[in-house]
Amino acid sequence: MSSRERVLGRIRRAVGPEAGLEGDIPRNYLQVHGSRTPAETADLLAAHLSEYRAKVHRADEDGLPELLTRLLAERGARSLLVPDGLPPYWLPAAGPVRVQDRAASTPYELDAVDSVVTGCALAIAETGTIVLDGGPGQGRRRITLIPDHHICVVRVPDQVVDSVPRALPLLDPARPLTWISGPSATSDIELDRVEGVHGPRSLEVILLGAQ
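All values reported here derive from a predicted model rather than from experimental measurement. Within any chain, residue numbers begin from 1 and follow the written order of that chain's sequence. At least 70 in pLDDT is required for a residue's local features to be given in this predicted model, at least 80 for side-chain atom pairs to be given and counted, and no such filter applies to totals for whole chains, interfaces and linings, which use all residues. The basis for every side-chain value is the complete set of heavy atoms in the structure, and neither hydrogens nor water enter the calculation.

Before we go on, may I ask you to explain the overall build of the chain in this structure?
Secondary structure summary: the chain contains five helices and twelve strands in total. For this analysis, residues touch if any pair of their heavy atoms sits within 4.5 Å. The long-range fraction of contacts in the chain, counting pairs at least 24 apart against all pairs at least 6 apart in sequence, stands at 72%. Throughout, the Shrake-Rupley method with a 1.4 Å probe supplies accessible areas, and for residues the shown protein chains are the sole cover considered. Total accessible area computed for the chain in this model is approximately 12,000 Å², and 54% of it derives from carbon and sulfur atoms. Strands are runs of DSSP state E lasting at least 2 residues, helices are runs of H or I lasting at least 4, and numbering of each runs from the N terminus.

Please clarify how the sheet that holds strand β12 (residues 202-208) should be interpreted in this entry.
Strand pairing within a sheet occurs via backbone hydrogen bonds; the two strands may be parallel or antiparallel. Taken in spatial order, the six strands line up as β1-β12-β7-β4-β2-β3 in an open sheet, and their pairing is parallel. Each edge of the open sheet is held by one strand with a lone partner, namely β1 (55-59) and β3 (97-100). If you compare each strand with its neighbour and ignore which way they point, the axes differ by 25° on average. For two strands to count as paired, DSSP must find a minimum of two bridges between them. In this structure, β1 lies alongside β12, joined through five bridges in parallel fashion. Bridged to Val-56 within β12 is Val-205. This element, helix α2 (residues 38-51), spans β1 and β12 of the sheet and lies at about 150° to β1. The convention used is that axes are lines fitted to C-alpha atoms, helices contributing only their stretch in contact, and that angles between N-to-C directions extend from 0 to 180 degrees. Its contacts with the sheet place helix α3 (residues 64-75) against β1, β2 (79-82), β4 (115-118), β7 (149-155) and β12, and it is angled at close to 170° to β12.

Just to check I follow, could you spell out the sheet that holds strand β8 (residues 160-161) for this structure?
Within the open sheet, the four strands sit side by side as β8-β5-β6-β9. Their pairing is mixed. Each of the sheet's edge strands pairs with one partner strand only, and the pair in question is β8 and β9 (178-180). Where strand β5 (residues 122-124) meets strand β6 (residues 129-132), three bridges bridge the pair, whose relative direction is antiparallel. Bridging from a neighbouring strand, Ala-123 pairs with Ile-130 of β6.

Mind showing me how you'd approach the nonpolar core here?
Nonpolar side chains in soluble globular proteins tend to be buried together. Residues belong to one nonpolar core when they are buried, are Ala, Val, Leu, Ile, Met, Phe, Trp, Tyr or Cys, and are joined through side-chain atoms within 4.5 Å. Summary of the burial criterion: residues with accessible area below 20% of their type's maximum are buried, those above 50% are exposed, and those between are partly exposed, where the area comes from a 1.4 Å probe applied to protein chains only. Among the nonpolar cores identified, the biggest contains 18 residues, and Leu-45, Ile-130, Val-154, Val-160, Val-205 and Leu-207 are the most heavily contacted of them. Contributions of two or more residues to this core are made by α2, β6, β7 and β12. Sort the elements by how many residues they give to this core and α2 lands first, with four residues. Beyond its immediate stretch of four places on either side in the chain, Leu-45 contacts Ala-123, Ile-124, Ala-125, Gly-128, Thr-129, Val-160 and Leu-207. Ranked by size, the runner-up nonpolar core spans 17 residues in total, among them Leu-68, Leu-71, Ala-77 and Leu-91.

Before we go on, may I ask you to explain the side chain of Thr-178 in this structure?
Along the chain, Thr-178 turns up in strand β9. You can call Thr-178 buried: its relative accessible area is 10%. Side chain to side chain, Thr-178 and Arg-141 meet in a polar contact 2.9 Å long. In this structure Thr-178 touches Ile-130, Val-131, Leu-132 and Arg-141, once residues within four positions along its chain are discounted. Pairing of N or O atoms within 3.5 Å defines a polar contact, subject to two protein rules: one partner must be a possible hydrogen donor and the other a possible acceptor, and residues neighboring in sequence count only if both atoms are side-chain atoms.

Could you clarify how one ought to interpret a nonpolar patch on the surface in this entry?
Exposure above 30% relative accessible area and the absence of a salt bridge qualify a residue for a patch, where like charges join within 9 Å and nonpolar side chains (Val, Leu, Ile, Met, Phe, Trp, Tyr) within 5 Å. The rule for a salt bridge is simple: a side-chain nitrogen of Lys or Arg has to be within 4 Å of a carboxyl oxygen of Asp or Glu. A contiguous nonpolar patch, built from Val-7, Ile-11 and Val-15 and spanning about 210 Å² of accessible area, is present on the exposed surface. Structurally, Val-7 can be placed in helix α1 (residues 3-15).

How should the pairing of β12 be read in this particular structure?
Regular strands show a simple pattern: their side chains alternate between the two faces of the sheet. The buried fraction of β12 amounts to seven of the seven residues, a majority that puts the element mostly inside the structure. Residues Ser-202, Glu-204, Ile-206 and Leu-208 point to one face of β12 and Leu-203, Val-205 and Leu-207 to the other, with burial holding for every one of them. Note: β7 against β12, seven bridges, orientation parallel. By the bridge assignment for β12, Arg-155 is matched with Leu-208.

Even after reading the chapter, I still don't get the side chain of His-57, so can you show me in this structure?
Among the structural elements, His-57 can be located in strand β1. Each residue touching His-57, except ones within four places of it in the same chain, is listed here: Leu-67, Arg-70, Leu-71, Glu-204, Val-205, Ile-206 and Leu-207.

Can you walk me through the pattern of salt bridges in this structure?
It is possible for side chains bearing opposite charge to pair when their charged atoms get close. What the rule picks out here adds up to twelve salt bridges. A salt bridge links Asp-162 to Arg-36, with the nearest nitrogen and oxygen atoms 3.1 Å apart. One end of the pair, Asp-162, is in the loop between β8 and α5 (164-167); the other, Arg-36, is in the loop between α1 and α2, and 126 residues separate them in sequence. Asp-162 gets classed as buried once you look at its relative accessible area, which sits at 15%. Between Glu-74 and Arg-70 there is a salt bridge; the shortest N-O distance is 3.1 Å. Taken together, the positions of Glu-74 and Arg-70, both in helix α3 and four residues apart, correspond to about one turn of that helix. We classify Glu-74 as exposed; its relative accessible area is 56%. Three or more residues are tied together by salt bridges with common partners; here these are Arg-36, Glu-126, Asp-162 and Arg-166.

Structure representation (structure tokens):
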């Protein structure tokens, strides 16, 4: 038995069944706010991502390599981290030096990478959130937390859901879930916004298939 299991067991014994920990938890709240078409859901996702200062782009399969070439050139990226499982046709034939996602990479090596391109597990329209779970095309969690520039490709409409309640049943809680709502940022006591504190300073999201 792990330490986590021991602690949770003590909590269950202390509060008892009267606390409502036994059986199913009622989930009678709204699953989604309003009714939207897939196109409207994608537009809502784009609007909320933009509010969080992410840059949103739209492309189809044929136009994706050209768009990535342009975004990386505008960034001046000389190195590009590419996770295993990323569809090879997404990437331009030429461009920055490719860096593979390696378990042996140190934080210093990852910090020297200019950009990273990944897919995602899901995107949530009502909160403007991208969810990564370390699946194919996403790589290890740290490759999207240390490099300063992250380009994330979201397949529309397949990977876009309306709300958090719609997203949770589709995600595996045993996987390393990272929830991203815009570039990493925080504010000090004077409400001065500082970006890049615990993640990339720049987040660009490509809605693939949405035109």
